[in-house]
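Coordinate inspection notes
Listed below are the residues making up each chain.
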Amino acid sequence: MKIVFVTTDGQRFDVDARPGASVMETATGAGIPGIIGECGGSMACGTCHCKLTDEGFALVGPPGTDETAMLEFSDTEPTATSRLSCQVALSEAHDGLVVHVPPWG
């Protein structure tokens, strides 16, 4: 399955992903710029903040209370479709998911 990462300067990265991996693991494994994941996926840093398309957000669902709180501390202002990529576990249903990588300071 493929996940598409789009950077703010318009670069597009089509990345092979495996079911069960998180979007963050997929991004960091592929060297996607802007998905840092300093805490390794423990939802303690916000450096894996990403923004999904409306369709992608509907597919993966909204963040939980703890994730919403962590998004507020992100370096980039959260939007209605923001998620921490470490909290989005991939399945075959996510094939073609488009993930927008925010700019980092």
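As shown above, the structure is provided for reference.
This write-up is about the structure you can find in this document. Here the residue index of a chain counts from 1 through its sequence in written order. Restriction of local features to residues with pLDDT of at least 70 applies here, the model being predicted, together with a cutoff of 80 or more for giving and counting side-chain atom pairs; totals for whole chains, interfaces and linings are based on all residues. The side-chain quantities take in all heavy atoms of the structure and omit both hydrogens and water.

**Some details on the overall build of the chain**
Put simply, the test is: Runs of E in the DSSP output that reach at least two residues are strands. Runs of H or I that reach at least four are helices, and both are numbered from the N terminus. Partly exposed residues are those whose accessible area sits between 20% and 50% of the maximum for their type, while under 20% is buried and over 50% is exposed, using a 1.4 Å probe and protein chains only. The charge count includes Lys and Arg as positive and Asp and Glu as negative, but it does not include His or the ends of the chains. Note on charges: their place is set at NZ of Lys, CZ of Arg, CG of Asp or CD of Glu.
A tally of regular secondary structure across the chain gives three helices and five strands. Mapped in sequence order, the helices and strands of the chain form the string β-β-α-β-α-α-β-β. With the C-alpha coordinates of the chain rotated into their principal frame, the extents come out at 30 × 25 × 25 Å. Split into buried and exposed, the 105 residues of the chain put 44% on the buried side. Once the 5 positive and 14 negative side-chain charges of the chain are each reduced to a mean point, those two points are 6 Å apart.

**Concerning helix H1 (residues 23-30)**
Counted only if it meets this: Directions pointing from the helix axis toward each C-beta atom define the arc. Here a residue-residue contact requires only that any non-hydrogen atoms of the pair lie within 4.5 Å.
Within H1, burial applies to Val 23, Met 24, Thr 26 and Ala 27. Across the axial projection of H1, the buried residues extend over an arc of 165°, all falling on one side. Tucked into the core, H1 has its buried residues touching strand E1 (2-6), strand E2 (12-16) and strand E5 (97-100). Once H1 ends, the next one or two residues include Gly 31, with phi positive near 70°.

**Re the nonpolar core**
The following threshold applies: Throughout, nonpolar core names a set of buried Ala, Val, Leu, Ile, Met, Phe, Trp, Tyr and Cys residues whose side chains join them through atoms within 4.5 Å.
Counting residues in each nonpolar core, the largest one holds 23 residues, and the members touching the most others are Ile 3, Phe 5, Val 23, Ile 32, Ile 35, Leu 90 and Val 99. Contributions of two or more residues to this core are made by E1, H1, strand E3 (49-52), helix H3 (65-71) and E5. Here this core gets three residues from one element, more than from any other, and that element is H1.

**Re the sheet that holds E5**
We apply this condition: Each pair of strands is called paired provided DSSP finds at least two bridges between the two strands. Lines fitted to the C-alpha atoms define the axes, with helices restricted to the stretch that makes contact. Angles between their N-to-C directions range from 0 to 180 degrees.
Strands sit in the order E2-E1-E5-E3-E4 across an open sheet of five strands; the sheet is mixed. With partners counted over all chains shown, the strands left at the sheet margins are E2 and strand E4 (82-84), one partner each. The average undirected angle you get between the axes of adjacent strands in this sheet is 35°. Of the strand pairs in this sheet, E3 and E4 are connected by three bridges, and their pairing is antiparallel. Paired with Cys 50 across the strands is Arg 83, a residue of E4.

**Regarding the side chain of Ser 74**
Filter applied, for reference: Throughout this description, a polar contact denotes any pair of N or O atoms lying within 3.5 Å of each other; where both atoms belong to protein, one of them has to be capable of donating a hydrogen while the other can accept it, and for residues adjacent in sequence the pair is counted only when both atoms sit in side chains.
Looking at the secondary structure, you find Ser 74 in the loop between H3 and E4. Here the side chain of Ser 74 touches His 49 through a polar contact of 2.8 Å, side chain to side chain.

**Here's the deal with unusual backbone geometry**
Here Met 43, not a glycine, exhibits a phi torsion of approximately 60°, which is positive. Exposure remark for Met 43: the relative accessible area of 21% places this residue in the partly exposed category.

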